[in-house]
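As a plain string of letters, each chain reads:
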Amino acid sequence: MSTTKNCKNCGADNDPLLSNCIFCKTPLPEVDINSISNEELILNAGEWVGKVGNDFEQMTENFNAWTGKGMIVISANQIEGLAQKYLSLLQVRSLSNQQLLMAYQDLKKEFDQKRSNIFYKIGGGNKKKGMVFSFLIVFFIIFLIGMLSI
Ligand SMILES: [Zn+2]
């Protein structure tokens, strides 16, 4: 059993911790956090932690390659916020559950590892941005060295 939130406007399934529909931005109803099962908590935490460090893009059925319409983007910062929410929920529950504690520790480790990534730090939470930025700096330095040695 999973606790997804159904959007009143477009009917899409959304993560229970989201406050707005990722497809149409319509506000979603509050979900009782206690109604989320342990299994689902681990599953969702793992999913969001797995996505940390990058924007997440998903094409919908009516995706149009020319206009870019129908492409859903969840920002890296929003993903990190959700991952963090799930981790803190797991942490609270793991106080009385050994199995959850292990899952929490694994995911927390993965989360921290991702956040200690150098490109992640340079990009302010977005690995791809960090890589592009680093590339530009390196390019600029090479350019400067080239100019100086003429
Ligand atoms: Zn919607």
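Look above for the structure.
Quick look at the structure, then. What you are looking at is a predicted structure, and each value in this text was computed from that prediction instead of being measured.

Let us now look at the overall build of the protein chain. Of regular secondary structure, the protein chain possesses 5 helices and 4 strands. When the helices and strands of the protein chain are read in sequence order from the N terminus, they spell out β-β-α-β-β-α-α-α-α. By the compact-globule yardstick of 15 Å for 150 residues, the protein chain is too spread out, its C-alpha radius of gyration being 20 Å. Summarising its shape, the C-alpha atoms of the protein chain cover approximately 70 × 45 × 20 Å along the three principal directions. Put simply, 43% of the contacts in the protein chain that link residues at least 6 apart link residues at least 24 apart.

Attention shifts here to the environment of Leu 100. Note that Leu 100 resides in helix α3 (residues 98-115). Among all residues touching Leu 100, those that are not within four sequence positions of it are Asn 38, Leu 90, Arg 93 and Ser 94.

An α-helical segment advances 3.6 residues per turn. Residues three or four places apart therefore align on the same side. End to end, helix α2 (residues 76-94) covers 26 Å across 19 residues, agreeing with the expected 27 Å (1.5 Å per residue, within 8%). Within α2, the full set of buried residues consists of Ala 76, Ile 79, Glu 80, Leu 82, Ala 83, Tyr 86, Leu 87, Leu 89 and Leu 90. Buried-residue contacts for α2 involve α1 (38-51), β3 (56-59), β4 (71-74) and α3.

This paragraph deals with the packing of α1 against α3. The interhelical angle for the contact between α1 and α3, taken along N-to-C directions, is 10°, at an axis separation of 10 Å. Of the possible angle classes, the one that applies to α1 and α3 is roughly parallel. Residues Asn 38, Ile 42, Ala 45, Gly 46 and Val 49 of α1 touch α3, and the partners they reach there are Leu 100, Ala 103, Leu 107, Glu 110 and Phe 111. Here the contact of α1 with α3 is composed, by residue class, of 7 nonpolar, 2 polar and 1 charged.

If you look at the biggest cluster of nonpolar residues, it comprises 19 residues, and the most contacted ones within it are Ala 45, Trp 48, Ala 83, Tyr 86, Leu 87, Leu 90 and Leu 107. Sorting the residues of this core by element identifies α1, α2 and α3 as the ones contributing at least two each. Per element, the largest residue contribution to this core is 8 residues, and it comes from α2. Not counting residues up to four positions away in its chain, the partners in contact with Trp 48 are Ile 79, Leu 82, Ala 83 and Tyr 86.

The next subject is unusual backbone geometry. One non-glycine residue, Lys 25, adopts positive backbone phi at about 70°. Tracing the backbone shows Lys 25 in the loop between β2 (13-14) and α1.

The first and last C-alpha atoms of α3 sit 26 Å apart over 18 residues, in line with the 26 Å expected at 1.5 Å per residue. Within α3, the full set of buried residues consists of Leu 100, Ala 103, Tyr 104, Leu 107 and Phe 111. Looking straight down α3, one finds that the buried residues subtend no more than 100° of arc, so they occupy a single side. Opposite the packed face of α3, turned more than 90 degrees from it, sit the exposed residues Gln 98, Met 102, Lys 109 and Asp 112. Looking at the buried side of α3, the elements it contacts are α1 and α2.

Right, let's talk about the environment of Cys 24 for a bit. Structurally, Cys 24 is set in the loop between β2 and α1. Cys 24 has contacts with Cys 7, Asn 9 and Cys 10, leaving out every residue within four places of it along the chain.

This part covers the packing of α1 against α2. Axis separation between α1 and α2 bottoms out at 8 Å; the angle between their running directions is 145°. Relative to α2, α1 is oriented so that their crossing is left-handed. Facing α1, whose interface residues are Asn 38, Leu 41, Ile 42, Asn 44, Ala 45, Trp 48, Val 49 and Lys 51, α2 presents Ile 79, Leu 82, Ala 83, Tyr 86, Leu 87, Leu 89, Leu 90 and Arg 93. Residue composition of the contact of α1 with α2, by class: 12 nonpolar, 2 polar and 2 charged.

Calculation notes
- Residues numbered from 1 in each chain as written.
- Predicted model: local features only at pLDDT ≥ 70, side-chain atom pairs only at ≥ 80, totals over all residues.
- Helix = DSSP H or I, 4+ residues; strand = E, 2+ residues; numbered from the N terminus.
- Rg over C-alpha atoms; globule rule 2.2 N^0.38 Å.
- Contact = placed C-beta atoms within 7 Å.
- Expected span 1.5 Å × (residues − 1).
- Buried ≥ 20, exposed ≤ 12 C-beta atoms within 10 Å, placed from the backbone.
- Axes fitted to C-alpha atoms, helices over the stretch in contact; angles between N-to-C directions.
- Parallel < 35°, antiparallel > 145°, perpendicular 65-115°, else oblique.
- Nonpolar A, V, L, I, M, F, W, Y, C, P; charged D, E, K, R; others polar.
- Core = buried A, V, L, I, M, F, W, Y, C linked by C-beta atoms within 7 Å.
- Arc of directions from axis to C-beta.
- Left-handed = near helix turned anticlockwise from the far one by under 90°.

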